[in-house]
Amino acid sequence: MDITATGLTAERLSNLRRLEAESIHIIREVAAEFRNPVMLYSIGKDSGVMLHLAMKAFYPSKPPFPLLHVDTTWKFRDMITFRDETAKRLGLDLLVHTNPEGLEKGIGPFSHGSSVHTHIMKTEALKQALDEYGFDAAFGGARRDEEKSRAKERVFSFRNASHGWDPKNQRPELWNVYNARVAKGESIRAFPLSNWTELDIWQYILTENIPMVPLYLAAKRPVVERDGMLMMVDDERMEIQPGEEVMEKMVRFRTLGCYPLTGAIESDADTLEAIVKEMLIARTSERSGRLIDHDDSASMEKKKREGYF
Amino acid sequence: MSSTDTSTATSTAPQEAVTDYILAQEQKDQLRFLTCGSVDDGKSTLIGRLLFDTKLIFEDQLASLEKDSRKHGTVGEDIDLALLVDGLEAEREQGITIDVAYRFFATDKRKFIVADTPGHEQYTRNMATGASTADLAVLLVDARHGLMVQTRRHAFIASLLGIRHVVLAVNKIDLVDFSEERFNEIKSDFETFAAGFDFESLEAIPMSARYGDNVTGRSEKMGWYNGPTLLEHLEGVQIGEHELAQPFRLPVQWVNRPNLDFRGYSGTIAAGSVQVGDELVVSASGKTSKVDQILTPQGEARLARAGEAVTITLEDEIDISRGDLLAAAGSRPDVADQMAAHLIWMAEDALMPGRSYIMKMGAKTVTATVTEIKHKINVNSFEHVAGKQLELNEIAFCNLALAAPVAFDPYEANRTTGSFILIDRVTNATVGAGMVWFALRRATNIHWQALEVDKTARADSLGQKPAVLWFTGLSGSGKSTIASIVEKKLHLEGRHTYTLDGDNVRHGLNKDLGFTDVDRVENIRRVGEVARLFADAGLITLVSFISPFRAERQLAREMVGEGEFIEVFVDTPIEECKKRDPKGLYAKAEAGEIKNFTGIDSPYEAPEDPELVLNNVGKDPEDVAEEVIRYLRANNYLLSPSLVSGGGGI
Ligand SMILES: Nc1nc2c(ncn2[C@@H]2O[C@H](COP(=O)(O)OP(=O)(O)O)[C@@H](O)[C@H]2O)c(=O)[nH]1
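In this report, we go over the structure that sits alongside the text. (Residues numbered from 1 in each chain as written. Chains lettered and ligands numbered in written order. Predicted model: local features only at pLDDT ≥ 70, side-chain atom pairs only at ≥ 80, totals over all residues. Heavy atoms only, no water.)

**As for the nonpolar core**
Turning to step 1, where the next piece is worked out: Grouped together as the largest cluster of nonpolar side chains are 75 residues, with contacts concentrated most on Trp175(A), Phe33(B), Leu34(B) and Leu161(B).
Turning to step 2, where the next piece is worked out: The leading source of residues in this core is strand E4 (residues 136-142) of chain B, at 6 residues.
Turning to step 3, where the next piece is worked out: When near neighbours in sequence (up to four residues on either side) are disregarded, Phe33(B) contacts Leu50(B), Phe105(B), Phe112(B), Ile113(B), Val114(B), Ala115(B), Ala134(B), Leu136(B), Val138(B) and Leu234(B).
Turning to step 4, where the next piece is worked out: Judged by nonpolar contacts, the second largest core, of 69 residues, contains Met50(A), Phe76(A), Val251(A) and Leu272(A). (Core = buried A, V, L, I, M, F, W, Y, C linked by side-chain atoms within 4.5 Å. Buried < 20%, exposed > 50% of the residue type's maximum accessible area, 1.4 Å probe, protein only. Helix = DSSP H or I, 4+ residues; strand = E, 2+ residues; numbered from the N terminus. Contact = heavy atoms within 4.5 Å.)

Following this line, the structure appears as structure tokens:
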């Protein structure tokens, strides 16, 4: 075959195009092999990229699975607005689950502390939702470069009937052939973004113009300083303590989660380009002492074994 | 991320500079490589060094875009780089590496994905896993110890899994005083040993992972070394798109049917490229159609190529489902229910021949059994050993039987369409990984009914019409030259051919014959008989023989059979042949040194009614050979394979 004559060069696909193709392949494989898959949608940038890829994978059809958001009820209001708009804009089926017992007991980060809150409203809530709907596969937007226990996790990560991960007993994963077989009650967590790095994610968002929650962009927002962290006053559940003062500051968020657990950073970066630049350059000052963080990764490994995503 | 970091970017650098920089990086490509070495060779240190140094380089580049360019202080020598790639808690508790880890780093030119695999023999399965997606392997050795048994094992597994590029990282060179001699010794040992593997590139690099020499930066202590640093080599090594040069293959993953007007077939192109209008075949059914539309992640396209995840629509409504393979109609894959393959066993429970497993090959799932272990391969010595069953981490060459035919290519040609995994039916664990070598029994629709394998059946299975092209003419007339070009042209078209010429036959089959007339007759009779057998086997056979006597050529014609015997007279005048005299034979004959030489003291009887007469005086042999091809085409010897027997022959 004369390749040049057809306008093809012998050049390889670029990094982003290879990653994109690999992710689409994984997403299609899950959709084809599982009875009842779901895509976990956490509203952040990785979820945004994953969803964008799912739309491409099945175009002109819609993705053949619903989105699931585990709502702790403490997410930023902007996140919830963005979530609902996204589902509507794309015409997708969005499931929202909140742990009903947690809700009844009034579990929250202010009253119960972050670890109880996260366990009950996130980890347990997720397991409930997966069991309740009988999902046999769930997509997650995690990347292998995020933390150490992920570096060894499979693209198709097997979970036993109680959602546990056994790092010593993982299935070998060769080529792009994925073993999708599970017994009743067992499931697979599938990670289409496994081989993306944070820089890849931002490059892709920029080149593909993927919409993001405005909280990533700097704007004037009401914040108080608490425990060395700038906390946004997102609703009336946040009590202003004596000595605290609500300030209007130009801030943005690097990660998005429950607002009482997510610190803002002061910044003027109000475009995607500016954020990327700031994010990449800020790293240099951050390096000392943060090179390795044993405690974080070990505890993540532990959480995962217990069924955390 | 640090939540206490309240730094504001106070840069005055133009926004666009950074944006452009980021976007420019979109064009960089990706290299996946595997690192393997034994415990303490310095693998973790090396990977840590690569991750750490490239991050510094990257950040320096970004920082230099800032107005007040910041430079980083030198890295403390005492940072333990190995900690950067520290393993799971479960591993730390046991002090071992149990699994493949994937690491990432990038430079301006490439993004790298590193499969970091443990090196012990009991981790062959992990190494194979890492190797399955890698373009290149970095094999580590300790300069003090040189090549070890495991180096051989690593090279073997890399080669078995289809890796074509290898780097020999001769580490800890600081501990042998940066000795050039020691390096050269190890390098030449390795080159000798690796010559048996078909690696496309092989680069030995002396380095010290611990101190950084020749990893990302050039060493000042090895002035004698003028090859690339490891990073330079990784950035620059040309990884050819092997898959791109192969015929088009698309394993169908998903049938996309949003409405009655659209029916698309989605999958990742495993080989070659495809354009709107190309004719494709569904390999299992043999049905063909043309490409109507190609949808890529970037939108509708006229063309797509290996590696892209596409959706294709066809002009005709034909039955295609997940697991089918769409292929170039002119170049079909094998379809068979029996195959020979290399198998790597990955489970504690041994492989039992005769036991049934689930085979997943691309998007196809089928039941399979290993019918026979032909031999096991000792991964250290490469010796073949007999075996009744296959244990964890062992490799064997096996025959497999499947419950239904599947379409595939040999692994050597295509890592995607030639690979499979085996899954245990009870535990659902992935227990084996296989690389197909060849089909043991072709399964085409026509051949199901064919009870007897006859000449037609054989020719059909090759997708061609058998023929014997009999080139006759004086010594030096150009028979062999033309025949060999014709054979090349036929071969390029995918025809199965063989050439018999005076030289190859005289040295073997007919080495007992001389040049007397009696011997000449017997010579032709034997060659005629062999040509007949080859035609019977379905081949297009080219005979290039002076064959001076009409009667013997007639004999050959009768043996082969009318319609398959094509007499080609290469009509070069004797004067011209004498002038050419490529082997100096005419001169010798005229000097009486050779007896019974055709044209000198033995007659040449020109054909009276040959199928084709070629006159090559003053012509380009290519053009003359093309005349032969034109003749074959005009007389229906080169029909497209599917028309040979009027069915979907493969
Ligand atoms: N002198 C010297 N020591 C090295 C070099 N590379 C690694 N080491 C040391 O060798 C030991 C084993 O290295 P490590 O990276 O953990 O080996 P691994 O088991 O292959 O991952 C450590 O003490 C390293 O500091 C080198 O180039 N020179």
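There is more to say after this.
**Examining the sheet that holds strand E5 (residues 156-159) of chain A**
All names here are of chain A.
Turning to step 1, where the next piece is worked out: Read across the open sheet, the 6 strands follow the order E3-E2-E1-E4-E6-E5; overall the sheet is mixed. Sheet topology places strand E3 (94-97) and E5 at the edges, where each strand pairs with a single neighbour. The average undirected angle you get between the axes of adjacent strands in this sheet is 30°.
Turning to step 2, where the next piece is worked out: With 4 bridges joining them, E5 and strand E6 (residues 187-190) adopt antiparallel strand pairing. (Pairing = 2+ DSSP bridges. Axes fitted to C-alpha atoms, helices over the stretch in contact; angles between N-to-C directions.)

**Focus: the site of the ligand**
Residue and element names in this part refer to chain B.
Turning to step 1, where the next piece is worked out: With respect to spatial proximity, 15 residues lie near the ligand, and among them Asp40, Lys43, Ser44, Thr45 and Asp174 are the closest.
Turning to step 2, where the next piece is worked out: Ser44 is positioned such that a nitrogen or oxygen atom in its side chain is 2.5 Å from an oxygen atom of the ligand.
Turning to step 3, where the next piece is worked out: Between the ligand and Thr45 there is a distance of 2.5 Å, counted from an oxygen atom to a side-chain nitrogen or oxygen.
Turning to step 4, where the next piece is worked out: Summarising the interface, the protein chains cover 78% of the accessible area of the ligand, which totals 580 Å² for the free molecule.
Turning to step 5, where the next piece is worked out: Take the shell around the ligand: its biggest share by element is 3 residues, from helix H2 (residues 43-65).
Turning to step 6, where the next piece is worked out: Residues belonging to the shell around the ligand are distributed by class as follows: 3 nonpolar, 6 polar and 6 charged. (Near = heavy atom within 4 Å. Polar contact = N/O pair within 3.5 Å; in protein donor to acceptor, adjacent residues only side chain to side chain. Areas by Shrake-Rupley, 256 points an atom, 1.4 Å probe, with all protein chains shown as cover. Nonpolar A, V, L, I, M, F, W, Y, C, P; charged D, E, K, R; others polar.)

**Some details on the pattern of salt bridges**
Turning to step 1, where the next piece is worked out: Taken as a whole and judged by the stated rule, the model has 54 salt bridges over all chains.
Turning to step 2, where the next piece is worked out: For Asp409(B), the salt bridge identified is with Arg249(B), shortest N-O distance 2.8 Å. On the criterion of sequence distance, the pair formed by Asp409(B) in the loop between strand E21 (395-408) and strand E22 (419-423) and Arg249(B) in strand E7 (residues 249-251) is long-range, its members being 160 residues apart. Of the two residues, Asp409(B) and Arg249(B), both sit in the buried class.
Turning to step 3, where the next piece is worked out: Shared partners join several salt bridges into a network, and the residues in it are Lys45(A), Asp46(A), Arg143(A), Asp145(A) and Glu198(A). (Salt bridge = Lys/Arg side-chain N within 4 Å of Asp/Glu carboxyl O.)

**Describing the packing of aromatic side chains**
Turning to step 1, where the next piece is worked out: A complete count under the given rule lists 32 aromatic pairs over all chains for this structure.
Turning to step 2, where the next piece is worked out: Ring plane angle 40° and centroid distance 5.5 Å describe the contact between Phe197(B) and Phe199(B), whose orientation is recorded as tilted. Summarising the burial analysis for this pair, Phe197(B) and Phe199(B) share the class buried.
Turning to step 3, where the next piece is worked out: A ring pair is formed by Trp470(B) and Phe565(B), whose centres lie 5.6 Å apart and whose planes are at 35°; its orientation type is tilted. Within this pair, whereas Trp470(B) is found in strand E24 (residues 467-472), its partner Phe565(B) is found in strand E27 (residues 565-570), the two being separated by 95 residues in sequence.
Turning to step 4, where the next piece is worked out: Among the residues examined, Phe565(B) registers a relative accessible area of 2% and is labelled buried.
Turning to step 5, where the next piece is worked out: An aromatic cluster is defined as three or more aromatic residues linked by ring pairs; in this entry it consists of Phe156(B), Phe190(B), Phe193(B), Phe197(B), Phe199(B) and Phe382(B).
Turning to step 6, where the next piece is worked out: When the ring centre of Phe191(A) is taken as origin, the NZ or CZ atom of Arg150(A), which lies over that ring, is 4.0 Å away.
Turning to step 7, where the next piece is worked out: Above the ring of Tyr637(B), the side-chain terminus of Lys465(B) is found at 4.9 Å from the ring centroid. (Phe/Tyr/Trp six-rings, centres within 6.5 Å; stacked < 30°, edge-to-face > 60°. Lys NZ or Arg CZ within 6 Å of the ring centre and 35° of its normal.)

**A closer look at the sheet that holds strand E2 (residues 101-106) of chain B**
All names here are of chain B.
Turning to step 1, where the next piece is worked out: If you trace the 6 strands from one edge of the open sheet to the other, you get E2-E3-E1-E4-E5-E6, paired in mixed fashion. A strand with exactly one partner marks an edge of an open sheet, and here the two such strands are E2 and strand E6 (201-206). Averaged over all pairs of adjacent strands, the angle between their axes in this sheet comes to 25°, without regard to strand direction.
Turning to step 2, where the next piece is worked out: Of the pairings in the sheet, the one linking E2 to strand E3 (residues 110-116) comprises 6 bridges and is antiparallel in character. Residue pairing in the sheet places Arg103 in a bridge with Val114 of E3.
Turning to step 3, where the next piece is worked out: Helix-sheet contacts for helix H4 (residues 124-132) involve strand E1 (29-36), E2 and E3, and the interaxial angle to E1 is about 165°.
Turning to step 4, where the next piece is worked out: Against the sheet, helix H6 (residues 180-194) touches E4, strand E5 (165-171) and E6, its axis set at about 160° to E6.

**Considerations on the environment of Arg153(B)**
Turning to step 1, where the next piece is worked out: Mapping Arg153(B) onto the fold places it in helix H5 (residues 149-160).
Turning to step 2, where the next piece is worked out: In contact with Arg153(B), not counting residues within four places along its chain, are Gly119(B), His120(B), Glu121(B), Thr124(B), Val379(B) and Asn380(B).

**Side note on the pairing of E24(B)**
Side-chain direction in a regular strand flips from residue to residue, so the side chains alternate between the two faces of the sheet.
Residue and element names in this part refer to chain B.
Turning to step 1, where the next piece is worked out: The element E24 is extensively covered by neighbouring structure, given that 6 of its 6 residues are classed as buried.
Turning to step 2, where the next piece is worked out: For E24 and E27, the ladder comprises 5 bridges, and the chain directions are parallel. Across the sheet, the residue bridging to Leu469 is Ile566, located in E27.

**What about empty space enclosed by the protein?**
All names here are of chain B.
Turning to step 1, where the next piece is worked out: A complete count under the given rule lists 4 cavities of 30 Å³ or more for this structure.
Turning to step 2, where the next piece is worked out: Taken as a whole, the largest cavity spans an internal volume of roughly 190 Å³.
Turning to step 3, where the next piece is worked out: Along the walls of the largest cavity sit 16 residues, with Gly323, Leu325, Met361, Lys364 and Ala407 positioned nearest its centre.
Turning to step 4, where the next piece is worked out: The element contributing the most residues to the lining of the largest cavity is E21, with 3 residues.
Turning to step 5, where the next piece is worked out: Of the residues belonging to the lining of the largest cavity, the class tally is 9 nonpolar, 5 polar and 2 charged. (1 Å grid on protein atoms, 1.4 Å probe; cavity = no way out; pocket = protein on both sides within 12 Å on 5 of 7 lines; lining within 4 Å. Points joined across faces, edges and corners; volume = space filled by probe spheres on them.)

**Focus on the environment of Ala57(A)**
Residues and elements named next belong to chain A.
Turning to step 1, where the next piece is worked out: Turning to its location among the elements, Ala57 is positioned in helix H2 (residues 45-58).
Turning to step 2, where the next piece is worked out: For Ala57, a relative accessible area of 0% translates into the label buried.
Turning to step 3, where the next piece is worked out: Remark: the alpha-carbon pair of Ala57 and Gly257, spanning 200 residues in sequence, is separated by 27 Å.
Turning to step 4, where the next piece is worked out: For Ala57, the residues in contact, after removing those within four places along its chain, are Ile24, Ile27 and Arg28.

**Regarding a nonpolar patch on the surface**
All names here are of chain B.
Turning to step 1, where the next piece is worked out: Together, Trp437, Phe438 and Leu440 make up an exposed nonpolar region whose accessible area comes to about 270 Å².
Turning to step 2, where the next piece is worked out: Within the element layout of this structure, Leu440 appears in strand E23 (residues 430-442).
Turning to step 3, where the next piece is worked out: Judged by relative accessible area, which is 36%, Leu440 ranks as partly exposed. (Patch = residues over 30% accessible without salt bridge, like charges linked within 9 Å, V, L, I, M, F, W, Y side chains within 5 Å.)

**Observations regarding H5(B)**
Owing to its 3.6 residues per turn, the α-helix brings residues three or four apart onto one side.
Residue and element names in this part refer to chain B.
Turning to step 1, where the next piece is worked out: Between its first and last C-alpha, H5 extends 17 Å over 12 residues, near the 16 Å set by a 1.5 Å rise per residue.
Turning to step 2, where the next piece is worked out: If you check which residues of H5 are buried, you get Gln150, Thr151, Arg153, His154, Ala155, Phe156, Ile157, Ala158 and Leu160.
Turning to step 3, where the next piece is worked out: Phi turns positive, to about 90°, at Gly162, one or two residues after H5. (Expected span 1.5 Å × (residues − 1).)

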